[in-house]
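# Examining the three-dimensional arrangement
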Amino acid sequence: MAAIAPWAQAAGWGLLAGAALLLGAAVGYWIKVPQRLIAAIMAFGSGVLISALSFELMDEAFAQGGFQSTAIGFLGGALVYTAANRVLTAHGAKHRKRSGGHQPTQADNAHSGTAIAIGALLDGIPESIVIGLSMLKGGTVSAVTVAAIFLSNIPEGLSSAAGMKKAGRSMAYIFGIWGGITLASGAAALAGYTLFSGLAPELIAATTAVAAGAILAMLADTMIPEAFEEAHDFAGLITVAGFLCAFALSKLGG
């Protein structure tokens, strides 16, 4: 059997990680999950991502490109994400990851549907690009990165889909968004591998750090507020548990 080409592997791993969003959306749409449990899952997913960006992304970026490239990329990613998020917030996408009754209906804001879709895409693309970038070193994907993104994507899709359903969004709209982002995740991972292959380590490091900065800004703006709103005093403990889980995966995977 012929070996699978690296670019196809990158796309496949991106699709796998993105499919967790679709899985979470299905759970959020068809199963009535208590708000407090959704918040706990969000907190756990936040901890997983914080650990992954600390020990996988930032460490790797620093090792490849040094502090300057890493710092510039990290701050740049956070700035770009924050600027884009502010624009989307003004058009009704502020609560796109909320599972309660925060999300606006189409009647409340005619542009909110498009803004929520773009916002969901904005949240997911940096993570997927990282999957492709992780294959540039040695031609094999970082299993820890894929596992961390997969674990964090489930609560993202679950919470957001539950909120969309409460806002009166149709099933076609909800699964159209998450199905599209799943495909976009595969494309982004493919782009991360193909577009950056052969480029200078400093540039790859900066790009990895850009993704890390965007992910951390996303967590602070969207996932952590949802977790704290319902879980309150337990949100910190559950986030720590998620961090420890991903940290263990990182060390065992290393």
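Residues numbered from 1 in each chain as written. Predicted model: local features only at pLDDT ≥ 70, side-chain atom pairs only at ≥ 80, totals over all residues. Heavy atoms only, no water.

### Section: helix H1 (residues 6-30)
Quick note on the threshold: Numbering of helices and strands starts at the N terminus; helices are DSSP runs of H or I of at least 4 residues and strands are runs of E of at least 2. What a helix is expected to span follows from its residue count: subtract one and scale by 1.5 Å. Note on classification: 1.4 Å probe, protein chains only; a residue is buried when its accessible area is under 20% of the maximum for its type, exposed when over 50%, partly exposed between these limits.
With 25 residues, H1 extends 36 Å between its outermost C-alpha atoms, agreeing within 8% with the 36 Å of an ideal straight helix rising 1.5 Å per residue. Of the positions making up H1, those classed as buried are Ala10, Ala11, Gly14, Ala17, Gly18, Ala20, Leu21, Gly24, Ala25, Gly28 and Tyr29.

### A look at the packing of aromatic side chains
Working definition: an aromatic ring pair is given by the centre-to-centre distance plus the angle between the planes. Filter applied, for reference: A pair of aromatic rings is counted whenever rings of Phe, Tyr or Trp (Trp by its six-membered ring) have centres within 6.5 Å, and the orientation is called stacked for planes under 30 degrees apart, edge-to-face for over 60 and tilted otherwise. Criterion for a charge above a ring: Lys NZ or Arg CZ within 6 Å of the ring centre, and within 35 degrees of the ring normal.
Considering all chains together, one arrives at 5 aromatic pairs under this definition. Here Tyr29 and Trp30 contribute two aromatic rings whose centre-to-centre distance is 5.3 Å and whose plane-to-plane angle is 85°, an arrangement assigned as edge-to-face. Taking relative accessible area as the criterion, Tyr29 reaches 14% and is therefore assigned buried. Between Tyr29 and Phe175, the ring centres sit 5.5 Å apart and the planes meet at 70°, which makes this aromatic pair edge-to-face. Of the two residues, Tyr29 sits in helix H1 while Phe175 sits in helix H5 (residues 171-194), which places them 146 residues apart along the sequence. Assessed through its relative accessible area of 18%, Phe175 is described here as buried. Site record: aromatic cluster; members linked through ring pairs are Tyr29, Trp30 and Phe175. When the ring centre of Tyr29 is taken as origin, the NZ or CZ atom of Lys165, which lies over that ring, is 4.5 Å away. Across from the ring centre of Tyr173, 5.2 Å away, lies the NZ or CZ of Arg169, which sits over that ring.

### Here's the deal with the packing of H1 against H5
What counts is decided by this rule: Axes here refer to lines fitted to C-alpha atoms; in helices the fit is confined to the stretch in contact. Angles between the N-to-C directions go from 0 to 180 degrees. These descriptions rest on fixed angle ranges, namely under 35 degrees for roughly parallel, over 145 for roughly antiparallel, 65 to 115 for roughly perpendicular, and the rest for oblique. For any pair of crossing helices, the crossing counts as left-handed if the nearer helix is rotated counterclockwise from the farther one by less than a right angle, and right-handed if it is rotated clockwise. All residues other than Ala, Val, Leu, Ile, Met, Phe, Trp, Tyr, Cys, Pro, Asp, Glu, Lys and Arg, Gly among them, are scored as polar; the first ten of these are nonpolar and the last four charged.
Here H1 crosses H5 at 160°, and the two axes come no closer than 7 Å. In this view, H1 runs roughly antiparallel relative to H5, as classed from their interaxial angle. H5 is crossed by H1, and the crossing has right-handed handedness. Taken together, the residues of the contact of H1 with H5 break down into 21 nonpolar, 7 polar and no charged.

### What to know about helix H4 (residues 143-166)
For H4, which comprises 24 residues, the first-to-last C-alpha distance of 35 Å matches the rise-based estimate of 34 Å (1.5 Å per residue) to within 8%. The buried count for H4 comes to 17 of 24 residues, which makes it a mostly enclosed element. Just downstream of H4 lies Gly168, where phi reads positive at about 85°.

### A word on the UniProt feature "transmembrane region" (unreviewed entry) in the chain
Keep this limit in mind: UniProt positions are given in the numbering used here, feature names are shortened, and annotations may be inferred rather than shown by experiment.
Under the feature "transmembrane region" (unreviewed entry), the UniProt entry names residues 12-30, 37-55, 67-88, 172-193, 199-219 and 231-249. Taken end to end, residues 12-30 is 100% helix and 0% strand, and its two terminal C-alpha atoms sit 27 Å from one another. Helix makes up 90% of residues 199-219 and strand 0%, and the two end C-alpha atoms of the span are 29 Å apart.

### Looking at the nonpolar core
This is how the line gets drawn: Grouping buried Ala, Val, Leu, Ile, Met, Phe, Trp, Tyr and Cys residues that are joined through side-chain atoms within 4.5 Å yields what is termed a nonpolar core.
Core analysis: the largest hydrophobic core is formed by 24 residues, its most contacted members being Ile38, Leu53, Leu57, Ile215, Met218 and Leu219. Examining the composition of this core, we find that 11 residues originate from one element, helix H6 (residues 201-231), more than from any other. Grouped together as the second largest cluster of nonpolar side chains are 11 residues, Leu21, Met164, Phe175 and Ile177 included.

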